[in-house]
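# Observations on chain architecture
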Amino acid sequence: MLKFNLSHILICRSRSLLFLSGVFVQDLGTDQLPDIADHTLTLSLLCSCSLPLSFSFFLSFLFLHSFSLTLACSGCLIETPAAGTAPSPAKIPSHAPYLLIGGGTASFAAARSIRARDPGARVLIVTEESDLPYMRPPLSKELWFSDDPSVTDTLRFKQWNGKERSIYFQPPSFYISPEDLNSIENGGVAVLTGKKVMHMDVRGNKVQLEDSTEISYDKCLIATGGVPRNLQVIERAGEEVMKKTTLFRKIDDFKALDKVSRNLKSITIIGGGFLGSELACALGRRSADSGLEVIQMFPEKGNMGKVLPEYLSNWTTEKVKRGSCPFCIVVKTDHIVAAVGLEPNVDLAKSAGLEVDSDFGGYRVNAELQARSNIWVAGDAACFYDIRLGRRRVEHHDHAVVSGRLAGENMTGASKPYWHQSMFWSDLGPDVGYEAIGIVDSSLPTVGVFAKATAKDTPKAATEKSGTGIRSESETEAVATSPVATSPAASPTPAPPAQQQKEDYGKGVIFYLRDKVVVGIILWNVFNRMPIARKIIKDGEEHADLNEVAKLFNIHDD
Ligand SMILES: Cc1cc2nc3c(=O)[nH]c(=O)nc-3n(C[C@H](O)[C@H](O)[C@H](O)COP(=O)(O)OP(=O)(O)OC[C@H]3O[C@@H](n4cnc5c(N)ncnc54)[C@H](O)[C@@H]3O)c2cc1C
């Protein structure tokens, strides 16, 4: 039995997109597992309301018989090899001067910067996945908007500006074969796919793979990213439920969910963060043609409620939902997507004797991203010392690029501290986008400055202008010039009047404050201004009037 505590409930439905907000999913114990009978799985969800007028009711998830017959869980699909899938070579090199554990964004960025500073470098990436390094952001955005029926094979997507690209950072021809790593002239980057590092012998400078093969190294990067969290209730419910659940992270998950969304009638997304909201948007769009029902559930009052201040979170929810539906007490669904956060992958901590941060998770590293001599950590798995904002762990693409690049530089002896503030972005389709930097946490005091939006204030228009869809690649040195009109919201209690906000505002700048200093900034439908935001964070000054600071962004002049 799953228990929901409702601090607030919002249920609304578009043609087929339904939201349940204010829903906490809680486990009641192992003795109350779902009933499985005649291939029909029923999970009873107990909901209790913590509103003054307390009431409780039951929700039921009915997993239908057809479900178990027609669906495969993530990882169960039989796939045709994609463009970036590399067969594992028979011969594994016994030594790699530069060994990078993990084949994600941070590793790839490190490989690039190692080669840039040491052109003859021999770099070996070992990755558990069967794919060559690729970027994850399009998996929950542009790929879902593709009209190409073979998109799950090609993994090519159109950026919002219409330009096509692959999710792979480089084609197979970019890489050298692992068996040639130590012999090929001028070195190169080799990728050992489908291999997991199980053990690290830090004193012996070597790692061990699943099949007990050992690889020694001179310098090693750990860039193992993270594993999507699951809900205990789903875990405890056993195999049957897990088969009907997607934990979304990889290409395989995209392929599996794509298939599910074409074959089933109802998908429930649990989680209201960036990933859950992006997937709700993506699947919601598909629902327009197919009649697929998409349900999104989250404990906050609105989408991205942990990051956005309440008024903007509400605005976002309004943007992704349409219409309303009658109050439902029974939810039937064929498939669950649990988008409830990430657990940094620190499996190697024990054998390597590395410290895991007790507050943020991840391997603790210094400002140069070093954990021990000859070992660096980058990306989602690193808990680093940000010389401006203190100890942090960041789970975003640009951070993976920037920290991977820095780790790579430091592996070649640069000894540089992590001073560059990474940014992140999230798009809810081509029309609504957020770019952010620093610490953005809705529990901090915020000040927002807003303006009317025009057709130019969309991710689509921004990528048309900048020419790139991965927005950390599009940063330009914008310069603040002309003064702007006074904003209606420049006090520490900044929410614009609800009515005005609804009718007038479609873009803005939100400052997040800690001890009166700006530690984070969100640009809502404001694009290509990240260098300005970065400078404000870097300066770390107290500002008497954030309206003045907001003028740097020129949001009223566009
Ligand atoms: C669907 C999706 C959409 C996203 N969208 C955005 C976005 O819009 N904006 C944004 O800023 N960020 C976004 N992110 C976050 C961003 O993609 C991540 O922060 C980034 O991928 C982290 O890179 P990484 O290299 O640290 O880890 P990962 O990309 O997770 O790579 C780690 C790799 O290491 C492998 N590995 C782990 N352990 C081992 C081992 N022991 N041996 C061998 N290999 C191992 C894993 O299999 C994995 O391939 C998104 C993430 C997802 C999943």
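Remember, it's a predicted structure, so these values are computed and weren't measured experimentally. (Residues numbered from 1 in each chain as written. Predicted model: local features only at pLDDT ≥ 70, side-chain atom pairs only at ≥ 80, totals over all residues. Heavy atoms only, no water.)

### Thoughts on the pairing of strand S24 (residues 382–386)
Of all five residues in S24, four are buried; the element is thus mostly enclosed. Taken together, the two bridges between strand S21 (residues 363–364) and S24 define a ladder with parallel strand orientation. In the strand pairing of S24, tyrosine 363 is matched with alanine 382. Sheet topology places S24 next to strand S25 (residues 390–393); four bridges connect them, and they run antiparallel. Residue cysteine 383 lies in a different strand from S25, and its bridge partner there is arginine 393. The antiparallel hairpin formed by S24 and S25 contains three residues in its connecting segment. (Buried < 20%, exposed > 50% of the residue type's maximum accessible area, 1.4 Å probe, protein only. Helix = DSSP H or I, 4+ residues; strand = E, 2+ residues; numbered from the N terminus. Pairing = 2+ DSSP bridges.)

### Some points on helix H7 (residues 274–290)
The first and last C-alpha atoms of H7 sit 24 Å apart over 17 residues, in line with the 24 Å expected at 1.5 Å per residue. Counting buried positions along H7 gives 12 out of 17 residues, so the element sits mostly inside the fold. Buried within H7 we find Phe274, Gly276, Ser277, Glu278, Leu279, Ala280, Cys281, Ala282, Leu283, Gly284, Arg286 and Ser287. (Expected span 1.5 Å × (residues − 1).)

### Considerations on the sheet that holds strand S28 (residues 446–451)
If you walk across this open sheet you meet the five strands as S26-S27-S30-S29-S28, and the pairing is antiparallel. Bordering the open sheet on either side are strand S26 (423–427) and S28, each of which pairs with just one other strand. On average, each strand axis in the sheet is inclined to that of its neighbour by 15 degrees, with strand direction left out of account. Lying over the sheet, helix H13 (residues 530–539) contacts S26, strand S27 (433–438), strand S29 (507–514) and strand S30 (517–524), oriented at roughly 165 degrees with respect to S30. (Axes fitted to C-alpha atoms, helices over the stretch in contact; angles between N-to-C directions. Contact = heavy atoms within 4.5 Å.)

### What to know about the sheet that holds S25
With mixed pairing, three strands are arranged side by side in an open sheet as S21-S24-S25. Edge strands, defined here as strands with exactly one partner in the open sheet, are S21 and S25.

### Here's the deal with the environment of serine 140
Among the secondary structure elements, serine 140 is positioned in the loop between strand S7 (122–126) and helix H3 (151–154). Serine 140 sits in the buried class, given a relative accessible area of 5%. Distance from serine 140 to serine 426, taken between C-alpha atoms, is 9.8 Å for residues 286 residues apart in sequence. Ignoring any residue separated from it by four or fewer positions in sequence, one finds serine 140 in contact with Phe248, Leu275, Glu278, Leu279 and Ala282. A distance of 2.7 Å separates polar atoms of two side chains, one belonging to serine 140 and the other to glutamate 278. (Polar contact = N/O pair within 3.5 Å; in protein donor to acceptor, adjacent residues only side chain to side chain.)

### Focus on the site of the ligand
In the vicinity of the ligand, 34 residues are found, and the nearest of them are Glu129, Arg136, Lys141, Arg249 and Asp380. For the ligand, an oxygen atom lies 2.9 Å from a polar atom in the backbone of alanine 106. Separating a nitrogen atom of the ligand from a backbone N or O atom of valine 197 is a distance of 2.9 Å. In isolation the ligand has 1,000 Å² of accessible area, and contact with the protein removes 95% of it. If you list the elements that add at least two residues to the shell around the ligand, you get helix H2 (105–117), H7, helix H10 (397–411) and S26. For the shell around the ligand, the two domains that each supply at least three residues are domain 1 (2–37 + 39–72 + 230–338) and domain 2 (95–134 + 169–226 + 342–411). (Near = heavy atom within 4 Å. Areas by Shrake-Rupley, 256 points an atom, 1.4 Å probe, with all protein chains shown as cover. Domains from an automatic or database assignment.)

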